[in-house]
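A closer look at the structure
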Number of protein chains: 2
Amino acid sequence: MSQDKLVSDFRNYVKKLVSYNQALAVLGWDLRTKAPRKGAHARSEVIGVLSGEQFKLATSREYEEYLTALSEPDRLASLDPVTRKTVLEGKKEFERSKKLPPEKYQEFVITTTQAETMWEDARKNNDFASFRPYLEKIVKLQLEFIDYWGHSGVKYDTLLDMYEPGMTTAQLDEMFGKLREKTVPLVQAIAESPNKPDTGFLTRPYDIARQEAFSRYVLEKIGYDFAAGRIDISAHPFCTSFAPGDVRITTKYDPNDFRVAFFSCTHEAGHAIYEQNINPDLFGTLLCDGTSMGIHESQSRFWENIVCRSLPFWQHFFGDLAKQFPDQLAGVQAEDFYRAVNYVQPSLIRIEADEVTYNLHIMIRYEIEKGLINETMEVGDLPRIWNEKMKEYLGVVPPNDADGVLQDVHWSGGSFGYFPTYSLGNVYAAQFAHAMRQQISGFDELIAGGEFAPIRTWLKENIHQWGKMKSPSELVHDITGEAMNADYLVQYLEKKVKDVYQL
Amino acid sequence: MSQDKLVSDFRNYVKKLVSYNQALAVLGWDLRTKAPRKGAHARSEVIGVLSGEQFKLATSREYEEYLTALSEPDRLASLDPVTRKTVLEGKKEFERSKKLPPEKYQEFVITTTQAETMWEDARKNNDFASFRPYLEKIVKLQLEFIDYWGHSGVKYDTLLDMYEPGMTTAQLDEMFGKLREKTVPLVQAIAESPNKPDTGFLTRPYDIARQEAFSRYVLEKIGYDFAAGRIDISAHPFCTSFAPGDVRITTKYDPNDFRVAFFSCTHEAGHAIYEQNINPDLFGTLLCDGTSMGIHESQSRFWENIVCRSLPFWQHFFGDLAKQFPDQLAGVQAEDFYRAVNYVQPSLIRIEADEVTYNLHIMIRYEIEKGLINETMEVGDLPRIWNEKMKEYLGVVPPNDADGVLQDVHWSGGSFGYFPTYSLGNVYAAQFAHAMRQQISGFDELIAGGEFAPIRTWLKENIHQWGKMKSPSELVHDITGEAMNADYLVQYLEKKVKDVYQL
């Protein structure tokens, strides 16, 4: 077969594979936002059938032959960059699937499906003991998977690589070390500050239609393209991309808390703006996606926190907001509002945590995952360990396991190695923002002027357009000239806390 | 292979085939109701890929082997009824696909794709001549298809059978003969009647949110299950079923005409109630669908016209409507409203036609299709023939071809044999309503009381539950004890016109 023909057949095969992913994404979006209750069962069957077909394509002999032929070194070197990177990405995914015995993967699917149900009940009944055997089984399976996949000395690194290619425990230990060292004292200083922001006006009745209108207004300004997306309502906010021309977000409204919808919209829009700005030439390859969970999260956190929780942002938008909610915000100034949405308070629940304490929640999960996967901790000890770490880092102890070790769904689904990407997102975001401030003149003034085009262009050129063409570490190096570095997040948080709490 | 295994493999294969259809239906619904503009191109590629996969499954050697093995007479007789009927239905569809040479079908797809674009332009520019060669090509291809498929003496019957299994030109000639004989004088009598209803109050400003609320209220009452469906907005109203538990309808709103959304909602809900009430055991087979286009249309027309344009209906609902629109309907009585929504007026455009003249529009198309396919008419003569028939049946002549022979999309898409099912729907609906009046005591009183459960139960038991288990003619025979008979529609229309126009 000529190389041209081989490449074109391979590209068509990948395009077919991607089409299944897109169809499944649409079926999933519809199920979570629009499908009537009685349609859920039939829908899950259709999703099951198409997922099975997709899996067959992703693990077929034909696919393997393309990947083997094209990754022969001389040939690989002669390919155009997009095809080459698609081959490498495809090979990595293919081997990950192929190395697991199908019956082992099947066992994992069955175990996690049961475990998610058990976790829901266990959380409801505050009963860690009933969930414990499932979690033990999942950890055992993760360890078996790592044996099949192999590891380079540190087992947990193999899991990290699934969500954040190239990331290592060594790097994360350093990152969390800095965050612990600098953030824990910060939280203590805040606790002792007499200058706590007033937040009462955030939890008054906020009309939902007006909340929606304000969110849409802001999202349009920051650059979420509604001709290539839409906002709907779902139980848990999410972003889903079918193609750069169709990236949708969801939110939920709390009629008595302004923050819930607004910050989830700006967060999900951050993810969506990333996907909308990937080079459309990558559509139909394996590269039309964010390059890692951490880089993706950096984009959502950048808009949600670094921009939309900044003083210049509210200097620009507070007037518009106050016009929509004159009674709720009577007597409130832009700076009061800025301080209120940056209130810091150690709390029990990760998803409700503020920008400063958030990483401490993640750190606890990271240390536990590392302990379990590197076999220095046992599942049975988790409730005790959890509470000890909460006490140490956050100064609060959950009254029960439901609001402690049982609060997150991730482990019941077998997602070990995912949590750290939340903090990586914060770290990357601050590091990128630091670079932006050096490269875009008048960064704060632009935000205060409601002028986001230069920032968007910077993000598109430096991050978004590349999709998976660059790895996370390549991106960080190319943009900042150094490796991932938590110092910028620490500086950012110290500066903001000093400002908000007048330390 | 054991018969049990054969049946179970076949059923799984069909389920997979049906899953693709459902996924494609969801992708199509989303494209027409929710997808952002910039997502349309990528979506059409995904639909193309999945349609191709679906076509492969529907014409595969494996499928053929199942169908051949299971349709061996002794084996067929021993199958359970649902599997047997699925085999017969599958064999029919399979042979229809297999008998066409792929390159001939390809030619048809390309021709109709071009023709639809050409038709849009031709209609816009009132230029039949530019569309004529495409229509000639399509007619030629239809004749070639009939040669491949075979026919039993009348070529047009082969096309009719695709939309209305078992229907023949002989039956339709008789049906349209009656309709012409009885409806044309009716239209003339109406024209001469001095008692024309006032319709001015129908075209006042009607708030869209209130229109929607009223439609939803009525649809819930007549039995559209919103836990198994939903209403959205689209350019052209339609109904789409993913499963009996998920049957969605769309509508469009005219802020200055109450009729547009309300009667499209009740029409589409008629289709949807049919699909929602098919026996769920048929889900995942080829039988979980309306049994023909004509029977499907009978359900939409039954609710839209026979129920929701009846006097008892408005005796019940007019009060609710007038409460929502007190200014628009000031001084109007239920009977005035009933008369207004039954206004009869010969007009140029089929989709705007009233209940009486509608079938005359269809008759013109039927006679032309029959003439083209049985080769007694030529495409070049259509503009003249169209106008002559309009003059003869409706007494009006289009000022141009755009509002005449070019008004419908159907022929550009190659859908010959489809139009007659619209009138069949009206005929079946009246025939079923006649049977219902004999079998359900106090039919009008139930409607006047807003009590639709007995009607719904009758429809479910006699029509809906069967899906494709019964052919259209079996259904009509089982319910009415006779064959399709246009007398009931004629009687129904005569009675209503007499009432509305006080003849």
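Note that the structure is predicted; figures quoted are calculated from it, not measured.

With that settled, consider the overall build of chain A. Helices and strands together make up the secondary structure of chain A, namely 21 helices and three strands. Taken over the C-alpha trace, chain A has a radius of gyration of 23 Å; the compact-globule value for 503 residues is 23 Å, and the two agree within 12%. Dimensions along the principal axes, computed over C-alpha positions, put chain A at roughly 75 × 50 × 50 Å. Looking at chain A as a whole, 43% of its 503 residues are labelled buried. Taking contacts inside chain A between residues at least 6 apart in sequence as the whole, the part at least 24 apart equals 72%.

We now examine the sheet that holds strand β1 (residues 231–233) of chain A. Residues and elements named next belong to chain A. Here we have three strands laid out as an open sheet, ordered β1-β3-β2, and mixed in their pairing. Only two strands of the sheet have a single partner each, and these edge strands are β1 and β2 (239–243). Taken pair by pair, the neighbouring strands of this sheet meet at an average axis angle of 25°, ignoring direction. As paired strands, β2 and strand β3 (residues 246–251) are joined by four bridges and run antiparallel to one another. Paired with A243 across the bridge in β3 is D246.

Below, the discussion takes up the relation of the copies chain B and chain A. Once turned by 180° and shifted 0.0 Å along the axis, chain B lies on chain A with an RMSD of 0.0 Å. Here the transformation between the copies is reduced to the relation of a two-fold axis. Counting the interface residues of chain B, we find that 100% of their copies in chain A are interface residues as well, pointing to one common contact surface.

Below, the discussion takes up the pairing of β3 of chain A. All names here are of chain A. Counting buried residues along β3, six of its six residues qualify, which places the element largely inside the surrounding structure. Of the two faces of β3, the one lined by D246, R248 and T250 and the one lined by V247, I249 and T251 are each fully buried. Looking at chain direction, β1 and β3 are connected through three bridges and run parallel. Looking at the pairing, I231 lines up with I249 of β3.

Taken residue by residue, the interface counts 29 residues in chain B and 29 residues in chain A. When residues of the side of chain B that touches chain A are traced back to their parent elements, those giving at least two are α1 (3–33), α2 (40–58) and β2 (239–243) of chain B. Top element by residues in the side of chain B that touches chain A is α1 of chain B. It accounts for seven residues. Considered class by class, the residues forming the side of chain B that touches chain A number 15 nonpolar, six polar and eight charged.

The next thing to look at is helix α11 (residues 258–276) of chain A. The first and last C-alpha atoms of α11 of chain A sit 27 Å apart over 19 residues, in line with the 27 Å expected at 1.5 Å per residue. In terms of burial, α11 of chain A is a largely internal element, 16 of the 19 residues being buried.

Here we come to the environment of M167 of chain B. All names here are of chain B. Locating M167 in the fold gives a position in the loop between α8 (155–163) and α9 (169–192). By C-beta crowding, M167 is classed as buried, having 25 other C-beta atoms within 10 Å. Distance in space between the C-alpha atoms of M167 and T421 is 9.7 Å, their sequence separation being 254 residues. In this view, M167 contacts L160, D161 and L172; residues no more than four positions away in its chain are not counted.

Let us now look at unusual backbone geometry. All names here are of chain A. Of note in this structure, Q502 is not a glycine but carries a positive phi near 50°. Mapped onto the elements of the fold, Q502 is located in the segment after α21 (487–500). Taking the C-beta count within 10 Å as the criterion, Q502 has 12 such neighbours and is therefore assigned exposed.

Before going further, it helps to spend a moment on the environment of P133 of chain A. Structurally, P133 of chain A can be placed in helix α7 (residues 128–149). P133 of chain A gets classed as exposed once you count the C-beta atoms within 10 Å, which come to 12.

Glancing now at the sheet that holds strand β1 (residues 231–233) of chain B. Sheet strands line up and pair through hydrogen bonds in the backbone, either parallel or antiparallel. Residues and elements named next belong to chain B. Taking strand neighbours across the sheet as the criterion, the three strands line up as β1-β3-β2 in an open arrangement whose pairing is mixed. Each having just a single partner strand, β1 and β2 make up the two edges of the open sheet. Here the average twist between neighbouring strands, direction ignored, is 25°.

Before going further, it helps to examine the confidence of the model for chain A. Keep in mind that low pLDDT regions are not for reading the predicted coordinates in detail. Per-residue confidence for chain A gives a mean pLDDT of 96; residues scoring 70 or more make up 100%. The complex model carries a pTM of 0.94, and its ipTM stands at 0.93.

Here we take up the packing of helix α15 (residues 358–373) of chain B against helix α17 (residues 420–439) of chain B. Residue and element names in this part refer to chain B. Packing of α15 against α17 leaves a shortest axis separation of 8 Å and a crossing angle of 140°. Judged by the angle between their axes, α15 and α17 are oblique. Here α15 and α17 pass one another in a crossing that is left-handed. Residue-level inspection shows N359, I362 and Y366 of α15 in contact with α17, the latter providing P420, Y422, S423 and N426. In terms of residue class, the contact of α15 with α17 is made up of four nonpolar, three polar and no charged.

Take the nonpolar core next. Grouped together as the largest cluster of nonpolar side chains are 264 residues, with contacts concentrated most on A23 of chain A together with A23 of chain B. Non-local contacts of A23 of chain B, meaning those with residues more than four positions away in its chain, are made with A23, L27, V46 and L50 of chain A together with L50 of chain B.

Residue and element names in this part refer to chain A. α11 packs onto helix α10 (residues 208–222) with a crossing angle of 25° between their chain directions and a minimal axis gap of 10 Å. Our classification of the angle between α10 and α11 gives roughly parallel. Between α10 and α11 lies a crossing whose hand is right-handed. Between α10, through Q211, S215, V218, L219 and I222, and α11, the contact on the second element is made entirely by F258, A261, F262, C265, T266 and A269. Its residues placed into classes, the contact of α10 with α11 shows eight nonpolar, three polar and no charged.

Reading the values: the criteria
- Residues numbered from 1 in each chain as written.
- Chains lettered and ligands numbered in written order.
- Predicted model: local features only at pLDDT ≥ 70, side-chain atom pairs only at ≥ 80, totals over all residues.
- Helix = DSSP H or I, 4+ residues; strand = E, 2+ residues; numbered from the N terminus.
- Rg over C-alpha atoms; globule rule 2.2 N^0.38 Å.
- Buried ≥ 20, exposed ≤ 12 C-beta atoms within 10 Å, placed from the backbone.
- Contact = placed C-beta atoms within 7 Å.
- Pairing = 2+ DSSP bridges.
- Axes fitted to C-alpha atoms, helices over the stretch in contact; angles between N-to-C directions.
- Least-squares fit on C-alpha atoms with pLDDT ≥ 70 in both.
- Nonpolar A, V, L, I, M, F, W, Y, C, P; charged D, E, K, R; others polar.
- Expected span 1.5 Å × (residues − 1).
- pLDDT = per-residue confidence, 0-100.
- Parallel < 35°, antiparallel > 145°, perpendicular 65-115°, else oblique.
- Left-handed = near helix turned anticlockwise from the far one by under 90°.
- Core = buried A, V, L, I, M, F, W, Y, C linked by C-beta atoms within 7 Å.

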